[in-house]
Amino acid sequence: MMRLFLLSLLFLSFFAAPLQASPLPADSAFQLTVSRNEDGSLRFDWSITNGYYLYREHISIKAADGRELPIETPAGERKDDPTFGPTEVYYGAATATTRATSDGPLELTYQGCQENGICYIPQIRLIDPVALAVSNPSEQVGSAGRAPSSGSGLPRAAAPEASYGSTPEIASTAAPAAGASTFNLASDDSLIQSIRSRGGTLLVVASFLFFGLLIAFTPCVLPLYPILAGVLVRGGGQLKPGRGFTLSSIYVLSFATAFALLGAVAGWSGQNLQMLLQSPVTTGAVALIFVVLALAMFGLFELQLPASWTNWIAQSTGALSISKRTVAVLGFSSALIIGPCVTAPLAGALLYIAQTGDMALGATALFALGIGKGIPLIALGTMGGSILPRAGAWMESVKRVFGLAFLATAIWMASPLLPAGLDLVFWSALLVGAGTWGLSSENATAHQRIPTRAFGTMALVYGTLLLIGAASGATDPLRPLAALASRSAPAVEKRELEFADVTSAPELQQFLQASKAAEPTLVYFTADWCITCRTIERSVLIDNQVRRGLDGFHLIKADLSDMDGDKIELMQQLKIAGPPTMVFFDRVAREPAGSRLVGNVTVEGLLQSAGFAGAPQK
Amino acid sequence: MISRRQMLTASAAGATALVYPFSMARAQGSPTPDQVFFDPEIPALGNPKGDVTIVEYFDYQCPYCKVGHPELMKVVEQDGKVRLVMKDFPIFGSVSIYASTLVLAAHSEKAYEQALNALMATEGRLRKEQVDAALLRAGLDPTGLHLAFKRDAKRIDAIIARNMAQASAFNLGGTPAFVIGRKIYPGLMNEKALKEAIAEARKA
């Protein structure tokens, strides 16, 4: 390397050619990745572009409170050329590890040069020790650059705050390639790619299985529990663990297959199938199916597929008994219910398929995700048999309970389609019905009667409250008397966060240009039909901490309820798989690495990402 | 003193990879050419009445600033009509700041140039003692310079702060970086590149 360097010096002195290619941005010259070793220590890896080097002595780390922490670095190459004096440097790659732990973000500093070109200013990155996310504090807050000179008689124009505003302009005039038509997104490797590069295809499958398991208890998957349980119960008779296992496995396999197929087609076609799946028509149809299922539970009729279907399925699946086939069909259609729930792994797999066209691996990952979501269901199906009581009169009650659960699911699914407040009426009707049934239940034995009636009474009372709420203009089933309460106590003012609407990529560009250097931006992708979005809006966005964290943010909403070409374009440019997704841009309209939120959003997650994008610290 | 936080200001997006027109930057509220080329507190080297000014943002521990310095001085001397303004942009920590403050504390323009050239002739990384030794060898009194700096700290810190604010406004990712005419050139420049840049500045 040294010889090469001397050679290049020689070369350059003979030919008065431009000395060097223009220096790369520091983040391209020194690409930092953070990981955790098996022993728990933090590991920093730099991939160093050819022709650049890092100084060993300039790698250091500090805790959030400014304490210098111990960091271990291997011996570097000695750069003892007379011109430079003895220093240790790294070419190609560098690593550092620290065993130190910290509550807050760690501050990693490193510094290097372009061989024969430029020496970079110290690079400081904030490392989140939990999420291992890297952020660049200097890209966040303009106030970091307040030099003491600004008050010393210099014209305002020289003040760094003012000049800060110019930096992105310079950058964009300098690099028209990065001009107005593209967004400055964080260049994170896709989920699948990064896992694959670490442990191959097998690890991808294992990871997605695990992701599935993690999200098995989110609201997206929860509707599957009553469905499966209802199916198992409906089978009648004593449910042996073996049969429970078989049925639930068939159910899970079918929906995982459907999930993989849907995902593969969606990713491959570049279209978002979930949009179609979640059109009011399909949502309405699925809700109707639940009503029908519920009625079947109430014994109104025996649910049977049309004879032509059953015959066809019987021929193609051979020995499967009717109930197994029913379970398979139900499982397959259940994918429609959970398909629309965008979660980070789903988004990752969809984008991977869309970008690489590798349907096989994408679909496999989705299949594994589906199986992961189904593992608790299989456990429920297997053990459920021994938990559920013997067949008998009890069975009828259990069926009715599941019937009610199906009706509840139907209302829940249909409520985005209903005028605000109407769902309260339905909930009220359901609860009053359930309460009446509980109170009038005759076949309960003496010591079952008390809890049954207690629940019945509670359901009646809450149902009544909901009806009153609906009549008084309340819209939230969990706060039916909010309208009345606020009338008596008007002092509590709950300011809604105000989002500006965008419908196309150029429009968002305009917003970003306008808010550049002034305020960071949050772009929130949502839709009427997105159930998780409703949860976010109801429980996260109204949180006081979140309001404070988003103070000073330019809030933008892209409503994907009605899709058109412009919105598809916008989603493709921002690499959005679907709602809910939150994309953050900092003051120079760049997306900070690791800030994007996909799927269920928590208060903590939102605050962290807002911090990355430069929320004013108070 | 310059805090690490201020050093950060210059980081912005790392080195700007392309030469871009100065005027663009100005239009956005960046420093004016007067502030960049004619800082009254920084002595001009070369021909102070020259028609073209080269501004170099540099650090006394930056190897390529020092490697390129003799060639730069040669070009300035040969041309005869170039003003050279060396702007301290200390990026390598406290020793760099120490070196800059001593040189800026020089009592005369001649002493300033001597001190600057003495430190630019050093090799690589420096310790404070090496800074002192280099100044001594050039016939200067480091202790006296340090005392002079202490008396004049407010003015000298302000010079460095101004330089750093400009570096930040120009989005300079490191040192050396040159402003010649209306253009910014990040990284080491050889004789040919310097001459071309000077010619271009004259044309404009």
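Residues numbered from 1 in each chain as written. Chains lettered and ligands numbered in written order. Predicted model: local features only at pLDDT ≥ 70, side-chain atom pairs only at ≥ 80, totals over all residues. Heavy atoms only, no water.

A.B. asks: Can you break down the overall build of chain A residue by residue, with the values?
C.D. replies: Helix and strand counts for chain A stand at 22 helices and 18 strands. Classification of the 618 residues of chain A by burial places 48% in the buried group. Taking the contacts inside chain A whose residues are at least 6 apart along the sequence as the reference set, 70% of them involve residues at least 24 apart. Of the roughly 28,500 Å² of accessible surface on chain A, 63% is carried by carbon and sulfur atoms. (Helix = DSSP H or I, 4+ residues; strand = E, 2+ residues; numbered from the N terminus. Buried < 20%, exposed > 50% of the residue type's maximum accessible area, 1.4 Å probe, protein only. Contact = heavy atoms within 4.5 Å. Areas by Shrake-Rupley, 256 points an atom, 1.4 Å probe, with all protein chains shown as cover.)

A.B. asks: How would you explain the state of the cysteines if you had to name every residue and give the values?
C.D. replies: Counted under the stated rule, the structure contains two disulfides over all chains. Each sulfur of the disulfide joining Cys113 of chain A and Cys119 of chain A lies 2.2 Å from the other. Taking the torsion about the sulfur-sulfur bond, which here is approximately 95°, the covalent link between Cys113 of chain A and Cys119 of chain A counts as right-handed. The class of Cys119 of chain A is buried, set by a relative accessible area of 0%. One disulfide in the model links Cys62 of chain B with Cys65 of chain B; its S-S distance is 2.5 Å. Measuring handedness by torsion sign, the sulfur bridge of Cys62 of chain B and Cys65 of chain B sits at about 90° and is right-handed. Summarising the burial analysis for this pair, Cys62 of chain B and Cys65 of chain B share the class buried. (Disulfide = S-S within 2.5 Å.)

A.B. asks: Give a description of a nonpolar patch on the surface that names residues and reports values.
C.D. replies: Residues and elements named next belong to chain A. A cluster of nonpolar side chains, Leu209, Phe210, Leu213, Leu214 and Ile375, forms an exposed patch at the surface whose accessible area comes to about 420 Å². Broken down by element, the residue count for the nonpolar patch peaks at four residues, all from helix 5 (residues 191-214). Within the secondary structure, Leu213 is located in helix 5. On the basis of relative accessible area, Leu213 is assigned to the partly exposed category, the value being 34%. (Patch = residues over 30% accessible without salt bridge, like charges linked within 9 Å, V, L, I, M, F, W, Y side chains within 5 Å. Salt bridge = Lys/Arg side-chain N within 4 Å of Asp/Glu carboxyl O.)

A.B. asks: So what's going on with the sheet that holds strand 5 (residues 177-180) of chain B? Residues and values would help.
C.D. replies: Residue and element names in this part refer to chain B. With mixed pairing, five strands are arranged side by side in an open sheet as 1-3-2-5-6. Edge positions in the open sheet fall to strand 1 (45-46) and strand 6 (183-186), since each of these has one partner strand only. Pairing geometry for strand 1 and strand 3 (residues 82-88), over two bridges, is antiparallel. Residue pairing across strands places Leu45 opposite Leu84, the latter belonging to strand 3. On top of the sheet, helix 9 (residues 153-169) reaches strand 2 (52-58) and strand 3; it is set at about 100° to strand 3, its chief contact. (Pairing = 2+ DSSP bridges. Axes fitted to C-alpha atoms, helices over the stretch in contact; angles between N-to-C directions.)

A.B. asks: Let's hear about helix 21 (residues 565-573) of chain A: which residues, and what values?
C.D. replies: Residue and element names in this part refer to chain A. Among all positions of helix 21, only Lys567, Leu570 and Met571 are buried. The buried residues of helix 21 occupy an angular sector of 95° when projected down its axis, which confines them to one face. Just downstream of helix 21 lies Lys575, where phi reads positive at about 55°. (Arc of directions from axis to C-beta.)

A.B. asks: Talk me through unusual backbone geometry; I want residue IDs and the actual numbers.
C.D. replies: Generally, phi is negative for residues other than glycine and the peptide bonds are trans, each holding for most cases. The omega torsion of the bond from Thr175 of chain B to Pro176 of chain B falls at -10°, within 30 degrees of zero and hence cis. At Asn116 of chain A, a position not held by glycine, the phi torsion is positive, near 65°. Topologically, Asn116 of chain A is positioned in the loop between strand 10 (112-114) and strand 11 (119-120). The class for Asn116 of chain A is buried, based on a relative accessible area of 3%.

A.B. asks: Explain the nonpolar core to me, using residue names and the numbers behind them.
C.D. replies: One finds Ile54, Tyr57, Met86, Tyr112, Leu116, Val131 and Ile180 of chain B to be the most contacted residues of the largest nonpolar core, which totals 73 residues. Every residue in contact with Tyr57 of chain B, bar those within four places of it in the chain, is listed here: Val36, Lys87, Phe89, Asn163, Gln166, Ala167, Phe170, Leu172, Thr175, Pro176, Ala177 and Val179 of chain B. Grouped together as the second largest cluster of nonpolar side chains are 29 residues, Leu224, Leu228, Ala410 and Met413 of chain A included. (Core = buried A, V, L, I, M, F, W, Y, C linked by side-chain atoms within 4.5 Å.)

A.B. asks: Which residues make up the packing of aromatic side chains, and what values go with them?
C.D. replies: Given two aromatic rings, one states the distance between the centres and the angle between the planes to describe the pair. Under the counting rule described, the total for this entry stands at 13 aromatic pairs over all chains. Both rings, one in Tyr251 of chain A and one in Phe255 of chain A, keep their centres 5.8 Å apart while their planes meet at 75°; by these two values the pair is edge-to-face. Here Tyr251 of chain A pairs with Phe255 of chain A, and both are found in helix 7 (residues 241-269), just four residues apart, close to one helical turn. Of the two residues, Tyr251 of chain A and Phe255 of chain A, neither departs from the other in class, the shared state being buried. Aromatic rings pair up to connect Tyr53, Tyr55 and Tyr91 of chain A together with Phe92 of chain B into one cluster. Taking the ring centre of Tyr55 of chain A as reference, the NZ or CZ of Arg125 of chain B above it sits at 4.5 Å. A cation sits over an aromatic face here: Arg125 of chain B above Phe92 of chain B, 4.7 Å from the ring centre. (Phe/Tyr/Trp six-rings, centres within 6.5 Å; stacked < 30°, edge-to-face > 60°. Lys NZ or Arg CZ within 6 Å of the ring centre and 35° of its normal.)

A.B. asks: Please provide a residue-by-residue account of the sheet that holds strand 13 (residues 134-135) of chain A, values included.
C.D. replies: What links the strands of a sheet is backbone hydrogen bonding, and the strands pair in either a parallel or an antiparallel sense. Residue and element names in this part refer to chain A. Reading across from one edge, 5-4-9-12-13 is the order of the five strands in this open sheet, with antiparallel pairing throughout. Unpaired on one side and paired on the other, strand 5 (68-69) and strand 13 mark the two borders of the sheet. Where strand 4 (residues 60-62) meets strand 5, two bridges bridge the pair, whose relative direction is antiparallel. The partner of Lys62 across the bridge, within strand 5, is Glu68.

A.B. asks: Would you mind going over the packing of helix 8 (residues 142-151) of chain B against helix 9 of chain B in detail, with residue names and values included?
C.D. replies: Residues and elements named next belong to chain B. Closest axis-to-axis distance for the helix 8/helix 9 pair is 5 Å, and the angle between their directions is 90°. Considered as vectors, helix 8 and helix 9 are oriented roughly perpendicular to each other. Contact with helix 8, carried on its side by Phe149, Lys150 and Arg151, involves Ala153, Ile156 and Asp157 of helix 9 and no other residues of that element. (Parallel < 35°, antiparallel > 145°, perpendicular 65-115°, else oblique.)

A.B. asks: Mind laying out helix 8 of chain B, listing which residues take part and the relevant values?
C.D. replies: All names here are of chain B. Along helix 8, the positions that sit buried rather than exposed are Pro142, Leu145, Ala148 and Phe149. Along helix 8, the residues classed as buried sweep out an arc of 115° about the axis, all on the same side. Seen from the buried face of helix 8, the exposed residues on the opposite side, beyond 90 degrees, are Thr143, Lys150 and Arg151. Residues of helix 8 that are buried in the fold lie against helix 5 (94-104), helix 7 (128-137) and helix 9.

A.B. asks: Help me get a handle on the confidence of the model for chain B, residues and values and all.
C.D. replies: Keep in mind that low pLDDT regions are not for reading the predicted coordinates in detail. A residue-level look at chain B finds 85% of positions with pLDDT of 70 or above and a mean pLDDT of 83. Low pLDDT, under 50, characterises residues 1-29 of chain B; the predicted model gives this stretch 106 contacts beyond four residues in sequence or across chains. (pLDDT = per-residue confidence, 0-100.)

A.B. asks: Tell me about the pairing of strand 2 (residues 42-48) of chain A, and name the residues and values.
C.D. replies: Residue and element names in this part refer to chain A. The element strand 2 is largely enclosed, with a buried count of five among its seven residues. Pairing analysis gives seven bridges linking strand 1 (residues 30-36) to strand 2, with the strands arranged antiparallel. In the sheet register, Phe30 faces strand 2, and the bridge partner there is Ile48. Taking the residues between adjacent antiparallel strands as the criterion, strand 1 and strand 2 are bridged by five residues, where Gly40 takes a positive phi near 95°. Strand direction decides the pairing type here: strand 2 and strand 8 (residues 93-98), joined by six bridges, are antiparallel. Within strand 8, the residue paired with Asp45 across the bridge is Thr95.

A.B. asks: How would you explain the side chain of Ser96 of chain B if you had to name every residue and give the values?
C.D. replies: All names here are of chain B. Along the chain, Ser96 falls in helix 5. We classify Ser96 as buried; its relative accessible area is 0%. In contact with Ser96, other than residues within four places in its own chain, are Asp59, Gln61 and Pro90.

A.B. asks: Give a description of the confidence of the model for chain A that names residues and reports values.
C.D. replies: Residues and elements named next belong to chain A. Here chain A shows a mean pLDDT of 72. Residues at 70 or above account for 68%. The secondary structure element of chain A with the lowest average pLDDT is helix 3 (residues 160-164), at 26, and the one with the highest is strand 2, at 91. Here residues 140-181 scores under 50 on pLDDT; set against residues more than four positions off or in separate chains, the count is 72 contacts.

A.B. asks: Residue-level account of a negative patch on the surface, with values.
C.D. replies: Residue and element names in this part refer to chain A. A contiguous patch of negative charge, built from Asp528, Asp562, Asp564, Asp566 and Glu569, is present on the exposed surface. Relative to the assigned elements, Glu569 resides in helix 21. Among the residues examined, Glu569 registers a relative accessible area of 37% and is labelled partly exposed. (Lys, Arg positive; Asp, Glu negative; His and termini not counted. Charge placed at Lys NZ, Arg CZ, Asp CG, Glu CD.)

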